[in-house]
Amino acid sequence: MSASNDTELARVAESATFSTTRPDNGLAVRLEAVERRFGERIVLDRLSLAVGAGEFIGVVGKSGCGKSTLLRLLAGLDAADGGRIESDGRKLAGEGGDVRIMYQDARLLPWQSVADNVALGLKGRRRQVRARALEALDQVGLADRADEWPSRLSGGQRQRVALARALVHRPRLLLLDEPLGALDALTRIEMHRLIERIWREHRFTAVLVTHDVSEAVALADRIVLIEDGRVALDQEVALPRPRARGDAAFAALEGRVLDRLLNVQALNPRNQIRGRVKAIRVDEVLAEIEIEAIDRSGRRDVLVSTLTARNLREHALEVGAEVLLVVFKSNEVALATPL
Ligand SMILES: Nc1ncnc2c1ncn2[C@@H]1O[C@H](COP(=O)(O)OP(=O)(O)OP(=O)(O)O)[C@@H](O)[C@H]1O
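Below is a summary of the structure that appears in this document. (Residues numbered from 1 in each chain as written. Predicted model: local features only at pLDDT ≥ 70, side-chain atom pairs only at ≥ 80, totals over all residues. Heavy atoms only, no water.)

Surveying the vicinity of the ligand reveals the residues Phe 38, Arg 41, Val 43, Lys 62, Ser 63, Gly 64, Cys 65, Gly 66, Lys 67, Ser 68, Thr 69 and His 211. Here an oxygen atom of the ligand and a backbone polar atom of Cys 65 are 3.1 Å apart. For the ligand, whose unbound accessible area comes to 640 Å², protein coverage reaches 57%. Split into classes, the residues belonging to the shell around the ligand amount to three nonpolar, six polar and three charged. (Near = heavy atom within 4 Å. Polar contact = N/O pair within 3.5 Å; in protein donor to acceptor, adjacent residues only side chain to side chain. Areas by Shrake-Rupley, 256 points an atom, 1.4 Å probe, with all protein chains shown as cover. Nonpolar A, V, L, I, M, F, W, Y, C, P; charged D, E, K, R; others polar.)

Here it is in structure tokens:
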């Protein structure tokens, strides 16, 4: 992307205003024991996850762990083999209604203008449809490119058109499948600001699949790590927005998630221990869970896992509950899953 485009994108990221804002717009989504198999291969193994209305979730995990499969299920583009995916107690309707998905490639139709690409699928009088497309393009700073062919745009601009094409439908759940994966580092950072700003204005729920942990830390309220078909880590990102990458707290959190992601050993079943909650100590921010664990040789030990108080509420843990623990680097214990 050229320097002038960078400047233009930065300006839009900072200054966009939206007339399509609908407060408290997001869909709450609940996945319960969701399974997806391909032949013998179990990709999602009774995965459970609750996403709050308007929440921004970052999904990370090693290549092939099932991130895109999860998004495809949420989008209704694929069907689960077991479990439930619900919103407000009802089956999630999938892509087309309140749910929109954006991919790594913009998938624009080369024979349609930018505005017509954005307007695809909109119903109504031509003038109204065009006005809505222009409004969405304005949100991403590309209203002045409405009548050009997509081939005239840079990669970053095409992704902004793809974002406008999703926004024009006023989604309540936006699924982002590595949408910035093909962009250069600077454009990605500018796009983060734009996506964050639009998300804050519209309050839709967002689920972002990414290989880039710093992208997840920059954007997400929570980072979910998928491993062996399940949620292996559910990390709250309690950093003020907009987030500064140079910040020590940002770097520490990024390092922590990366460590977990890269530490294959830690997620080896040999490092997983079953246990029972003995005591829970909680203050406003943090919760300490004391767990009596029994290892494979039958040895009993008391371990302590620290969660955020919010995470504790989501797990709905009680004294006496059975849990699965993952031991990291011999001195750090994470509560993997309430059993
Ligand atoms: N339609 C399909 N048929 C058979 N196997 C599939 C199908 N779709 C996905 N898989 C397999 O399911 C697993 C998870 O794939 P998925 O694309 O969800 O992973 P991912 O975490 O998004 O990977 P990446 O980060 O590399 O994009 C992979 O082993 C993949 O080969």
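The rest of the description comes next.
Moving on, we get to the packing of helix H5 (residues 155-167) against helix H6 (residues 185-202). Between H5 and H6, the shortest axis-to-axis distance is 11 Å and the interhelical angle comes to 15°. In terms of axis orientation, H5 runs roughly parallel to H6. Crossing geometry of H5 relative to H6 is assigned as right-handed. Here H5 contributes Gly 156, Gln 159, Arg 160, Leu 163 and Leu 167 to the contact with H6, which in turn contributes Thr 187, Met 191, Leu 194, Ile 195 and Ile 198. A breakdown of the residues in the contact of H5 with H6 according to their chemical character gives six nonpolar, three polar and one charged. (Axes fitted to C-alpha atoms, helices over the stretch in contact; angles between N-to-C directions. Helix = DSSP H or I, 4+ residues; strand = E, 2+ residues; numbered from the N terminus. Parallel < 35°, antiparallel > 145°, perpendicular 65-115°, else oblique. Left-handed = near helix turned anticlockwise from the far one by under 90°. Contact = heavy atoms within 4.5 Å.)

Once that is clear, we can look at the environment of Leu 208. You can see Leu 208 is positioned in strand S8 (residues 205-209). The spatial distance from the C-alpha of Leu 208 to the C-alpha of Ile 223 is 9.4 Å, given a sequence separation of 15 residues. Sequence-distant contacts of Leu 208, defined by excluding residues within four places in its chain, comprise Phe 56, Ile 57, Gly 58, Val 59, Leu 176, Pro 179, Glu 215 and Leu 219.

Below, the discussion takes up the nonpolar core. The tendency in soluble globular proteins is for nonpolar side chains to be buried as a group. Counting 53 residues, the largest nonpolar core has Phe 56, Leu 137, Val 140 and Leu 163 as its most contacted members. Here the element with the most residues in this core is H5; it accounts for six residues. Beyond its immediate sequence surroundings of up to four residues, Leu 137 is in contact with Val 114, Ala 115, Val 118, Leu 142, Ala 143, Ala 146, Val 161 and Ala 164. With 29 residues, the next largest nonpolar core counts Leu 47, Leu 49, Tyr 103 and Val 207 among its residues. (Core = buried A, V, L, I, M, F, W, Y, C linked by side-chain atoms within 4.5 Å. Buried < 20%, exposed > 50% of the residue type's maximum accessible area, 1.4 Å probe, protein only.)

Moving on: the pairing of strand S6 (residues 99-102). Across the two faces of S6 the burial is the same, with Val 99 and Ile 101 and Arg 100 and Met 102 all buried. Pairing of S6 with strand S7 (residues 173-177) involves four bridges; the strand directions are parallel. When the bridges of S7 are listed, Ile 101 appears paired with Leu 175. (Pairing = 2+ DSSP bridges.)

Let's shift gears to the side chain of Arg 36. By the element assignment, Arg 36 lies in strand S1 (residues 29-38). Taking the relative accessible area as the measure of exposure, Arg 36 reaches 12% and is therefore buried. Apart from residues no more than four positions distant in its own chain, Arg 36 is found in contact with Arg 41, Ile 42, Val 43, Leu 44, Thr 69, Leu 73, Asp 78, Ala 79, Ala 80 and Asp 81.

So far we have only geometry, and geometry alone does not tell us how the molecule works.
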